[in-house]
Each structure stands twice: as structure tokens, then as C-alpha cells.
Amino acid sequence: MGRITTRRPVTRITLGEQPRRRPDALAVEEPLEIRVAGVPFSVTMRTPGHDVELATGFLLSEGIAAKGADVVGAIHCGGPGEGGTENTYNVLDVTLAAGVAPPTPDMARHVYMTSSCGVCGKASIDAVRGESAYDVSTDPLEIDAEMLAAFPDVLRAHQDAFDKTGGLHAAALFDGVTGDLLVVREDVGRHNAVDKVIGWAAMNDRIPLVGHVLLVSGRVAFEIAQKAAMAGIPAIAAVSAPSSLAVELATEAGMTLVGFLRGPRMNVYAGEHRIRIGSPTIQQHVT
């Protein structure tokens, strides 16, 4: 497997001092081609690692799979143009369970997806509402505001690759009742980090994610809210801002969406009925 970080020489310039040549850590970015039964489906730029989780989460968020059992196998294979003789670990072939319909040709994304990928528009919101197998609006979760405010510090303490590079996004899954941190994933793409978290949940038979909170280290764009809805996550929190379409989707889907979660302050953009006052003890059991 490829490395998460790599080192390259850089010239560090500080005004008033002599330039210095030194090694610096960089976040690795490589393409991953996701195939379904040997047929190319999508290519995403990602940080290597947890590729099966990424693919499983992506297929779930695209509506191809509804639970972890819908994906029964995945194997890295040779890269394009290499005759399949050399395993680059940048091509992952996924096998779906019997009875799970493979993606149709018109669903395939044969272009690179970036950290800002995602479809936008009213039609997209209608599609998510119609395709998701889970109704998050009925989720009875109530989130303690004081507990929620502590989540970013808990996530930050587990961003090991970010500490080395400063160049990776992170996503985490918390139990919204106990405050337990269940899993953290880092990636150069926000959407990839979320797919890895959702994929982990699917592979551990936790879908739908009733009573859970998805926390992201950056902003919440439409595709993040979309993925949460498809996984049955009732609440999303972010240290930065949401987009207008993310708020619209969260509102219509019945999700709670919190932005600018920093220290004792937060903005609740949707689903404020789930936020309450209290201070249960926060546990940390991270995978």
C-alpha cells in the first residue's frame, strides 16, 4: 500500500534570516479507480489507506449499496496500462452481493472527483430524499450542547497525519448519546474522509447510523450532507461553515446541522430541536 505521508526537500524562507534547505512532510495524493465487477465506475483523488472503507462508503452514498453486507469483496489489482501485472494499489475491484444491482453505465463517473465534487441543485435534493433508504427526520437523538462543543478537541487529538503535514481533512463519528468517539479517518479530500467513516460503519454493520453525529474538520458542502443522509446520520457538525445547499438539504431531510463549532460557540442551521443542555462524561474509544 502507498504511504499516507511523504518527505520532500523545501526551502524555508524567514524574512531577516538566511534561507534554509530542509525536508518537509507532505500528504500523499494518488488516484483510486473504483471498479464494480471489473467495470470502471469512478476515479477519486485520495490519500492511500482504508480504500475498501472508502469504496464501500462511496457506493452507499451513491445508492448502489444500502448496507455493508451488499459489498462482499474487494481486491486491489494492476493499474491501467500495465497489463494487470503490477499491483499499484490504485485500482480497487468491488464485488457486490447477489441480488444487488450493479451501477448502470450512466451512473459511472469516468472523471476525477475532487474535494469539491458533488452535484448541486434542487433536483439533487429531491434525488437524495427519494433514494435514501433511511428517514433521519424520525431519529429521536438529543445532543448535549456542552458535549458537542468538546468534539472538535477530541477529533484534533486524533489527527496524526495532519500533525505531520497540515494538509489533510478529517471526519469522525461520535455516539450522540454517550459522546464516545468511534472512528476517525483522514484524507486529502473531505468527501473521501466521510466515505471512509461511513464505509467503516457499513463494514461493522452499523448502518443506519441512528443516534450518531458526523464531525468534519472543515466546511459542510452539499455532498457531505448528502452522504450523511444516505447513511442515516441524523446530525452533522463542522468547525467551519456550511453551504446554503447543505443547509437546505439538512432542513428538508430533518437532519441537525451545526457549523462554526469552536470552543463554547456554535451556529445551529437546522434541527435545533435536537440540541439540549447537559454535561455527560465524554468517552474515547477510537478505531
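Fair warning: this is a prediction, and the values are worked out from it, not measured in the lab.

Let's shift gears to the overall build of the protein. From N to C terminus, the protein includes 7 helices and 15 strands. Across the 287 residues that make up the protein, the buried fraction comes to 51%. Counted over contacts in the protein with a minimum sequence separation of 6, partners at least 24 positions apart contribute 58%.

So, on to the sheet that holds strand β10 (residues 181-187). Here 6 strands make up an open sheet; going across it, the order is β10-β9-β11-β12-β13-β14 and the pairing mixed. The two strands at the open ends of the sheet, each matched to only one other strand, are β10 and β14 (265-270). When strand polarity is set aside, the average angle formed by the axes of neighbouring strands in this sheet is 20°. Sheet topology places strand β9 (residues 169-175) next to β10; 6 bridges connect them, and they run antiparallel.

Burial of β10 is extensive: 7 of the 7 residues sit out of reach of the surface. The antiparallel pairing of β9 with β10 creates a hairpin that spans 5 residues between the two strands, and G179 there sits at a positive phi of about 85°.

Within the protein, residue pLDDT values average 86, and 84% of them lie at 70 or more. Across the protein, strand β11 (residues 212-216) holds the top mean pLDDT of 98, while strand β7 (residues 109-113) sits lowest at 47. Contacts of residues 110-122 to residues separated by more than four positions or lying in other chains number 31 contacts, the stretch itself having pLDDT below 50.

Viewed as axis vectors pointing N to C, helix α1 (residues 51-61) and helix α5 (residues 190-203) meet at an angle of 90°, and their least axial separation amounts to 6 Å. One way to sum up the angle between α1 and α5 is to call them roughly perpendicular. Contact residues: α1 offers V52, E53, L54, T56, G57, F58, L60 and S61, while α5 offers N192, D195, K196, I198, G199, W200, A202 and M203. Taken together, the residues that form the contact of α1 with α5 break down as 8 nonpolar, 5 polar and 3 charged.

Mapped onto the secondary structure, E53 falls in helix α1. On the accessibility criterion, E53 (10% relative accessible area) is buried. Setting aside anything within four residues of it in sequence, one finds E53 in contact with R185, D195, K196, G199, W200 and M203.

This brings us to helix α3 (residues 145-156). Among the residues making up α3, those that are buried are A145, M147, L148, A149, F151, P152, V154 and L155. Two or three places before E146, at the start of α3, stands the capping residue D144, its side-chain oxygen 3.0 Å from that residue's backbone nitrogen.

Take helix α6 (residues 222-231) next. Three or four residues apart is the spacing at which side chains of an α-helix point the same way, because the helix has 3.6 residues per turn. Counting buried residues along α6, 10 of its 10 residues qualify, which places the element largely inside the surrounding structure. Taken residue by residue, α6 has F222, E223, I224, A225, Q226, K227, A228, A229, M230 and A231 as its buried positions.

Omega for the peptide link from I207 to P208 comes to 0°, which places this bond in the cis form. Counting through the fold element by element, P208 comes out in the loop between α5 and β11. Residues other than glycine seldom take positive phi values, yet A37 does so here, at roughly 55°. Summarising the element assignment, A37 is placed in the loop between β3 (30-36) and β4 (39-46).

Calculation rules
Residues numbered from 1 in each chain as written. Predicted model: local features only at pLDDT ≥ 70, side-chain atom pairs only at ≥ 80, totals over all residues. Heavy atoms only, no water. Helix = DSSP H or I, 4+ residues; strand = E, 2+ residues; numbered from the N terminus. Buried < 20%, exposed > 50% of the residue type's maximum accessible area, 1.4 Å probe, protein only. Contact = heavy atoms within 4.5 Å. Pairing = 2+ DSSP bridges. Axes fitted to C-alpha atoms, helices over the stretch in contact; angles between N-to-C directions. pLDDT = per-residue confidence, 0-100. Parallel < 35°, antiparallel > 145°, perpendicular 65-115°, else oblique. Nonpolar A, V, L, I, M, F, W, Y, C, P; charged D, E, K, R; others polar. Polar contact = N/O pair within 3.5 Å; in protein donor to acceptor, adjacent residues only side chain to side chain.

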